[in-house]
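In case you want the letters, here they are:
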Amino acid sequence: RAVAMSVSHSSRLNKLVREQYMRLPQDGRVQVTYVWIDGSGEGVRCKSRTLEKEPKSIEDVPEWNFDGSSTAQAEGSNSDMFLVPVCMFRDPFCLDPNKLVLCEVLKYNRKPAETNLRHTCKKVMDLVKDSHPWFGMEQEYTLLGINGHPYGWPDNGFPGPQGPYYCGVGADKVYGRDIVESHYKACLYAGVKICGTNAEVMPSQWEFQVGPCEGIEMGDHLWMARFILHRVCEDFGVVATLDPKPMTGNWNGAGCHTNYSTEEMRREGGLKHIEAAIEKLSKRHDYHICVYDPRGGRDNSRRLTGHHETSNIFEFSAGVANRGASIRIPRQVGQDGYGYFEDRRPAANCDPYAVTEAIMRTTVLNETGVETKDYAEH
């Protein structure tokens, strides 16, 4: 019996016909796709324009604008928002010489939009640049059919319990590998610093890793990797959700574990600096939980239950090789006496700019309490 897969209508269009047009020459002109974060703090939007020649650097890409009233970022009576290009990638969908350009969003008065968290992150990263902070973020996500049901799950009922799916192989254990491998290749082509991928514990849940990235580059590359994921999924007719707990019950949630080190942590004897940073984080748990998802911790409260390889949202904990702790020191780091640590609290739908900025504020700038310091005047 043929099973009707829940995929979008667009994915069933004849892709060979499209290919005929994609092969046409462009006469030296270039298609540039501007990508930005919308008013939800989670969604990405894009639109394209033609430049007369290939931009060689981000300075060659002009500012643009869009209607913020249609992205929950402005009122209709004053809706123009500015798109300020900040990071350029090769376009894996339209191919060279075309570009994808990540942008910051500014309001009509040139102040950053509410969901433009890159703006303050960049300030903080500039302040701490001498500590050379490296990050690697592990982005978990779940593939859904167009009906909102996990892709490949039985229409009525559930797959077998968790166990065989993590890093699994075989048609009865993994769903949607074509999407995962296409996304990986597209990121490599684009110049995104993707460094790995694996099937996760819940069936049709996956993870990719981006890093190591220094400073502001972490947020830039993770956001572009997310855009590329959604765009690849569009071609296949399925949906990628970053919801931290897409299925209630005895199923793993989805996080965005953040690996972090400074130059002194990576040197001989760095473990004492790692432990000092963890001590600072332990005293500021509430602040971090607040910025580790777009809804002030409400999304994460569904995930951080103390079960399913998570810590409890109300308690801070740390340990070597402990996947049930807030902060995990890898066993190898414990043995070597230097390296990095992993903050396991950020939710899958976190803003990487907010997460990396918060870590720097606490561990390098020595901020305490729930208030953040404004460094603009200094």
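Cut-off values and rules
- Residues numbered from 1 in each chain as written.
- Predicted model: local features only at pLDDT ≥ 70, side-chain atom pairs only at ≥ 80, totals over all residues.
- Heavy atoms only, no water.
- UniProt positions renumbered as here; feature names shortened; annotations may be inferred.
- Axes fitted to C-alpha atoms, helices over the stretch in contact; angles between N-to-C directions.
- Helix = DSSP H or I, 4+ residues; strand = E, 2+ residues; numbered from the N terminus.
- Left-handed = near helix turned anticlockwise from the far one by under 90°.
- Contact = heavy atoms within 4.5 Å.
- Nonpolar A, V, L, I, M, F, W, Y, C, P; charged D, E, K, R; others polar.
- Domains from an automatic or database assignment.
- Buried area = accessible area lost by both parts, 1.4 Å probe.
- Salt bridge = Lys/Arg side-chain N within 4 Å of Asp/Glu carboxyl O.
- Polar contact = N/O pair within 3.5 Å; in protein donor to acceptor, adjacent residues only side chain to side chain.
- Parallel < 35°, antiparallel > 145°, perpendicular 65-115°, else oblique.
- Buried < 20%, exposed > 50% of the residue type's maximum accessible area, 1.4 Å probe, protein only.

As annotated in an unreviewed UniProt entry, the protein chain carries the name Glutamine synthetase and is attributed to Cardinalis cardinalis. What UniProt states about the protein chain under its Sequence similarities (unreviewed entry) heading is, verbatim, "Belongs to the glutamine synthetase family." Of the protein chain, the UniProt comment under Subcellular location (unreviewed entry) reads exactly: "Cytoplasm".

Undergrad: Mind laying out the packing of helix α2 (residues 118-127) against helix α10 (residues 352-363), listing which residues take part and the relevant values?
TA: Two numbers describe how α2 lies on α10: the axes approach to 9 Å, and their chain directions differ by 35 degrees. Between α2 and α10 lies a crossing of left-handed hand. Residues Arg-118, Thr-120, Cys-121, Val-124 and Met-125 of α2 pack against Tyr-353, Thr-356, Glu-357, Met-360 and Arg-361 of α10. Its residues placed into classes, the contact of α2 with α10 shows five nonpolar, two polar and three charged.

Undergrad: Account for the domain arrangement of the protein chain, with residues named and values stated.
TA: Taken domain by domain, the protein chain comprises domain 1 (7-114) and domain 2 (123-362). Once you take the C-alpha centre of each, domain 1 and domain 2 turn out to be 26 Å apart. Listed per partner, the contact involves 23 residues of domain 1 and 25 residues of domain 2. A per-residue breakdown of the area domain 1 buries against domain 2 is headed by Glu-42, Phe-89 and Phe-93, which together make up 30% of the total. The interface formed by domain 1 and domain 2 contains one salt bridge. Inspection of the region where domain 1 meets domain 2 yields six residue pairs in polar contact (both at pLDDT 80 or more). Sorting the residues of the side of domain 1 that touches domain 2 by element identifies α1 (15-22), β1 (30-37), β2 (44-51), β4 (80-90) and β5 (99-106) as the ones contributing at least two each. Residues belonging to the side of domain 1 that touches domain 2 are distributed by class as follows: 13 nonpolar, four polar and six charged.

Undergrad: An account of the packing of helix α4 (residues 217-236) against α10 is requested, with residue identities and associated values reported.
TA: For the pair α4 and α10, interaxial distance at closest approach is 8 Å and the crossing angle is 155 degrees. It follows from the interaxial angle that α4 and α10 lie roughly antiparallel. In terms of crossing hand, the pair formed by α4 and α10 is right-handed. Contacts between α4 and α10 involve Met-218, Gly-219, Asp-220, Leu-222, Trp-223 and Arg-226 from the first element and Pro-352, Tyr-353 and Thr-356 from the second. Residue composition of the contact of α4 with α10, grouped by class: five nonpolar, two polar and two charged.

Undergrad: Outline the pattern of salt bridges, supporting the account with residue identities and numerical values.
TA: One pass over the structure, following the stated rule, counts 23 salt bridges. Ionic pairing is found between Asp-172 and Lys-173, a salt bridge with its closest N-O pair at 3.3 Å. For Asp-172, a relative accessible area of 52% translates into the label exposed. We classify Lys-173 as partly exposed; its relative accessible area is 27%. Here Glu-357 ties to Arg-361 by a salt bridge, and the two come within 2.7 Å at their closest N and O atoms. With Glu-357 and Arg-361 both in helix α10, this residue pair falls four residues apart, about one helical turn.

Undergrad: Kindly report on the UniProt feature "domain: GS beta-grasp" (unreviewed entry) in the protein chain, identifying the contributing residues and their values.
TA: Mapped onto the present numbering, the UniProt feature "domain: GS beta-grasp" (unreviewed entry) falls at residues 30-110. This span, residues 30-110, is 0% helix and 48% strand, and a straight line between its end C-alpha atoms measures 28 Å.

Undergrad: Outline the environment of Trp-206, listing residues and values.
TA: For Trp-206, the position within the fold is in strand β8 (residues 205-214). Spatially, the C-alpha atoms of Trp-206 and Gly-168 are 11 Å apart, while their sequence positions differ by 38 residues. In this structure Trp-206 touches Gln-139, Glu-140, Tyr-141, Leu-143, Val-174, Tyr-175, Gly-176, Arg-177, Val-180, Asn-198, Ala-199 and Glu-200, once residues within four positions along its chain are discounted. From its side chain, Trp-206 meets the backbone oxygen of Tyr-175 in a polar contact 3.0 Å long.

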